[in-house]
Amino acid sequence: MYSTTLLTTFALSYVLAKSDLSNRRFPDGFKFGAATASYQIEGAWNIDGKGVQLWDWYTHTYPDRIDEQDTGDVACDSYHKWREDIDLLKALGVNHYRLSISWSRILPNGTVNNINPTGIEYYKNIFKTLRENDIEPLVTLYHWDLPITLHEIGGWTNPLIAEYFAEYARICFREFGEYVKTWITINEPQSTCSGGYTAGAKAPGYSLEAEGLYLCAYVHMLAHAKAYHIYDEEFRDSQNGRISIVLDSAWSEPASNSTSDIEAAQTNIEFGLGIYANPIYLGNWPKIVIDNVATRSTLEGFVRSRLPQFSQEEIDFIKGTADFFGLNTYGTGLVTLHNKVDEDIGIPSYTLDKGTTSWADPSWPSDVPWVRQVPWGFRKLLKYVYEKYGHPEIVVTENGWADKTGTLNDVDRISYISQYLSALLDAYYEDGVNVSGYTVWSLLDNFEWTNGYTQKLGIVQVDFHHDNRTRTPKDSYYWYQNVLQTKCLVENCI
Ligand code: BGC
């Protein structure tokens, strides 16, 4: 059904017209892909033995926190339509498909004493079919759908969750390792910890400003490292795969050339990406984070820092637990100083510990507030990650454009992705960054968390008003298909 290359007149003229794009060919071996996540596409929230998870509970308990009271109960119905999704991927010509496993579909209570064979079978069938179609699965073990039983005992603020996660990971390596050679432990801990435990914007919706984010980050680091070591020690030799984590970051651009703004931008990225990347790639939290939180905690009257301290054993255990750098990125922020470390003492808060403010330049193109087309920021971010974290191989595991209309003629998405891919080529060829892959978010329009179905990021449209959840490729799908075939963003690459 999707097998013919149907580059629409529009998409073709776009390719021809964009002379400002890099005319370098993507390097040999560069991998292209598309991504989704279990809760955002699967639906089937309560069938075939699946347990309830955090977002089932959140959307059902607090419907008003989700735009239009949407839920992922049916989503794209990929639980039933996954073969169609693979057909779309095959015709697109991707090298890899990034998808996630729903923990509570495999372990309904989150724990290994109760394994759901139907859940195991579901993912095995997908992985087998991907293999038959020569598409490599990039599999995320945790993309935010925590079994509710584990949330009820404290979720990501309870260090025991790290043990449960590691045990779940072991089951997945054992059951799926024959088919899966690239594992991602956790998707974007920063989004969970800031959105879910500090800002109250994502499930579980807590505003634990003083300690929530730090505790959540601490538990995530332990969980990731435990899973990594299990893979390394028990499975790597026989399965020959690799494993990492996916971290997200916007680029932090100083709002001016002043020393204060330059420092603020550095602090901002350390309090974001650094909290999660430093322990893994460099060892321990960033120094500025340790210092700021300790100073403010003392001034606030605490007897110890609100930031959990890693023991030396934990530092060594977490450091080096990544075989590549999985990077998700969408935007850029201009950053300035909000408060100095000893100012505004009163209410303990992550935001004040950080002491920076960031905003987007309104002239940067966007259709929704949180994604703006700033390709130079993407290039700077790639270079920063590469240089700061010891020259790791970088795989862009998510990047994409959100619009409100979901139009098939998605000119803005083509513009965004082409500019970002062009910036990626500049980072590769001009800056020497070892970036080996790019994954568009998303294959399908899907459940966009608290924005429900009001924001669309798919290169394939899904009709959420129809029981059949009809899939229709957008212009960006055909445009991307052409890039994958030609390995080139313009008419003729050098
Ligand atoms: C998440 C995706 C999400 C996307 C767009 C990323 O933070 O991993 O699940 O849909 O951004 O918001």
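Quick note: structure is the one above.
Residues numbered from 1 in each chain as written. Predicted model: local features only at pLDDT ≥ 70, side-chain atom pairs only at ≥ 80, totals over all residues. Heavy atoms only, no water.

Draft legend 1. Fine view of the packing of aromatic side chains. Going through the model one piece at a time under the given rule, you end up with 48 aromatic pairs. Between Phe447 and Tyr453, the ring centres sit 5.5 Å apart and the planes meet at 70°, which makes this aromatic pair edge-to-face. Relative accessible area serves as the criterion here: at 0%, Phe447 is assigned to the buried category. According to the relative accessible area criterion, Tyr453 is buried, its value standing at 13%. In this structure, Arg105 is placed above the aromatic ring of Tyr122, and the distance from its NZ or CZ to the ring centre is 5.7 Å. (Phe/Tyr/Trp six-rings, centres within 6.5 Å; stacked < 30°, edge-to-face > 60°. Buried < 20%, exposed > 50% of the residue type's maximum accessible area, 1.4 Å probe, protein only. Lys NZ or Arg CZ within 6 Å of the ring centre and 35° of its normal.)

Draft legend 2. Summary view of helix α16 (residues 411–429). Between its first and last C-alpha, α16 extends 27 Å over 19 residues, near the 27 Å set by a 1.5 Å rise per residue. Within α16, 14 of the 19 residues are buried, leaving the element largely enclosed by the surrounding structure. (Helix = DSSP H or I, 4+ residues; strand = E, 2+ residues; numbered from the N terminus. Expected span 1.5 Å × (residues − 1).)

Draft legend 3. Fine view of the packing of helix α9 (residues 189–197) against helix α10 (residues 212–239). Look at α9 against α10: their axes get within 9 Å of each other, and the N-to-C directions meet at 150°. Judged on the interaxial angle alone, α10 and α9 are roughly antiparallel. Relative to α10, α9 is oriented so that their crossing is right-handed. Of the residues in α10, those in contact with Pro189, Thr192, Cys193, Ser194 and Tyr197 of α9 are Gly212, Leu213, Cys216, Ala217 and His220. The residue makeup of the contact of α9 with α10, split by class, is 6 nonpolar, 4 polar and no charged. (Axes fitted to C-alpha atoms, helices over the stretch in contact; angles between N-to-C directions. Parallel < 35°, antiparallel > 145°, perpendicular 65-115°, else oblique. Left-handed = near helix turned anticlockwise from the far one by under 90°. Contact = heavy atoms within 4.5 Å. Nonpolar A, V, L, I, M, F, W, Y, C, P; charged D, E, K, R; others polar.)

Draft legend 4. Representation of the pattern of salt bridges. Enumeration according to the criterion identifies 26 salt bridges in this entry. For Arg174, the salt bridge goes to Glu175, with nearest N and O atoms at 3.3 Å. Taking the shortest distance from any N to any O, the salt bridge between Arg242 and Glu393 comes out at 3.0 Å. With Arg242 in strand β5 (residues 242–248) and Glu393 in the loop between α15 (375–388) and β10 (394–399), this pair connects stretches of sequence that are 151 residues apart. The class for Arg242 is partly exposed, based on a relative accessible area of 26%. (Salt bridge = Lys/Arg side-chain N within 4 Å of Asp/Glu carboxyl O.)

Draft legend 5. Spatial organisation of the site of the ligand. Taken together, Gln40, His143, Trp144, Asn187, Glu188, Asn328, Tyr330, Trp370, Glu398, Trp441, Glu448 and Trp449 make up all the residues around the ligand. Gln40 places a polar side-chain atom, nitrogen or oxygen, 2.7 Å from an oxygen atom of the ligand. Separating an oxygen atom of the ligand from a side-chain N or O atom of Glu188 is a distance of 2.6 Å. In isolation the ligand has 310 Å² of accessible area, and contact with the protein removes 93% of it. (Near = heavy atom within 4 Å. Polar contact = N/O pair within 3.5 Å; in protein donor to acceptor, adjacent residues only side chain to side chain. Areas by Shrake-Rupley, 256 points an atom, 1.4 Å probe, with all protein chains shown as cover.)

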